[in-house]
Amino acid sequence: MTHSSSGVGRFYDAFAAGYHLLYPDWNASVARQGAALDALIRSRLGDEPSHATSRTPSEAPLDAPLDVLDCACGIGTQAIGLAARGHRVTGTDLSPVAVARAAAEAARRGLQLPVAAADMRQLPFTDGSFDVVVCADNALPHLLTAADVRAALTAMRRTLRSGGLLLLSTRPYDELRRHRPTATPPQTAEHDSRRSVIFQLWQWHEDGERYDLELFQLSAPDDTGPTDQWQVDVHRSTYWALTQAQLTAFATEAGFTSVSWEPPARTGFFQPVMIARAA
């Protein structure tokens, strides 16, 4: 594992306990994102049932659940949502702390979610293990070089069955690179009667494509400390703001076909989604 990937793992290790605070209502987001991704899966593979075991699409029942890999599952936002829709989901993430929480959150809901700590560039699965690979919520742009992006997409392609589906989402970087924002608006939430505020500062690199992110998480005082002191946590990472054209080219090079992008207005998912098929 490289120093860079180790740093990303530490970023999410430290953030795992409070990651749900990014959402005003995390449980509602889990359900909403799972429904949106499930609709995309069904619209693309609904007439091509699971390739599970040795069955061909025409031999499998139409309503058969699919084998789904969420290769950047974090605390389970998308993986749990898809498992709740009936799919057989496996979750991996660079952060062992995050995947442990994902498994625990799934178990609390009576769902099975096998998890493993794994680098998306070196996925620990045999070829053709899954019908669908999900890489959502701006995970791929943690990879900062063309070689690493190619390695990750090639690993995703390898683990997919022939004709399998890739769903990958990022921030709307075509627009963001034009405007190069330096901060995000503050998000406020309240959980267990404790208020929190989250905002981000972005420092763009000279190449205009990469940026350093500082995520500030402010939590109101709880019953265990001084009543006038907010807790402040800062998490730092770096991203590559890949445009849709750049990611399409990388995906095609990795062996994907029929690459297209769908905006949030058409999918109900909160980020643009790249949809591609394994050749």
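Residues numbered from 1 in each chain as written. Predicted model: local features only at pLDDT ≥ 70, side-chain atom pairs only at ≥ 80, totals over all residues. Heavy atoms only, no water.

S.K.: What is the right way to look at the overall build of the protein in this model?
M.R.: In terms of helices and strands, the protein carries 8 helices and 11 strands. Within the protein, the fraction of its 279 residues that count as buried is 52%. Look at the contacts in the protein between residues 6 or more apart in sequence, and 64% of them connect residues 24 or more apart. Within the structure as shown, the protein displays about 12600 Å² of accessible surface, and the carbon and sulfur contribution to it stands at 52%. (Helix = DSSP H or I, 4+ residues; strand = E, 2+ residues; numbered from the N terminus. Buried < 20%, exposed > 50% of the residue type's maximum accessible area, 1.4 Å probe, protein only. Contact = heavy atoms within 4.5 Å. Areas by Shrake-Rupley, 256 points an atom, 1.4 Å probe, with all protein chains shown as cover.)

S.K.: Looking at this structure, I do not really get the sheet that holds strand 7 (residues 194-204). What am I missing?
M.R.: Within a sheet, neighbouring strands are paired by backbone hydrogen bonds and run either parallel or antiparallel to one another. Overall, antiparallel pairing links the 4 strands, which are arranged 6-7-8-9 in an open sheet. The open sheet has two edge strands with one neighbour each: strand 6 (187-191) and strand 9 (231-240). With direction set aside, neighbouring strand axes in the sheet form an average angle of 20 degrees. Where strand 7 lies against strand 8 (residues 210-219), 9 bridges are found, and the strand directions are antiparallel. Among the inter-strand pairings, Trp204 is bridged to a residue of strand 8, identified as Tyr211. (Pairing = 2+ DSSP bridges. Axes fitted to C-alpha atoms, helices over the stretch in contact; angles between N-to-C directions.)

S.K.: Where do I start with the pairing of strand 6 in this structure?
M.R.: The side chains of a regular strand alternate, first on one face of the sheet and then on the other. Where strand 6 meets strand 7, 5 bridges bridge the pair, whose relative direction is antiparallel. The residue of strand 7 that forms the bridge with Glu190 is Arg195. As consecutive antiparallel partners, strand 6 and strand 7 are separated by 2 residues, and within that stretch Asp192 has a phi angle of approximately 55 degrees, a positive value.

S.K.: Would you mind going over the confidence of the model for the protein with me for this structure?
M.R.: Note that predicted coordinates carrying low pLDDT should not be read in detail. The predicted model of the protein averages 90 in pLDDT, with 90% of residues at 70 or higher. For residues 49-62, every residue scores under 50 in pLDDT, and the model assigns this stretch 27 contacts once sequence neighbours within four places are set aside. (pLDDT = per-residue confidence, 0-100.)

S.K.: For this particular structure, what's the right way to read the side chain of Asp70?
M.R.: Counting through the fold element by element, Asp70 comes out in strand 1 (residues 67-70). Although Asp70 is buried, it makes no salt bridge; Arg109 carries the closest opposite charge, 13 Å away. For Asp70, the side chain forms a polar contact with the main-chain nitrogen of Ala72, separated by 3.2 Å. Not counting the four nearest positions on each side in its chain, Asp70 is found in contact with Gln78, Ala79, Thr90, Gly91, Thr92 and Val134. (Lys, Arg positive; Asp, Glu negative; His and termini not counted. Salt bridge = Lys/Arg side-chain N within 4 Å of Asp/Glu carboxyl O. Polar contact = N/O pair within 3.5 Å; in protein donor to acceptor, adjacent residues only side chain to side chain.)

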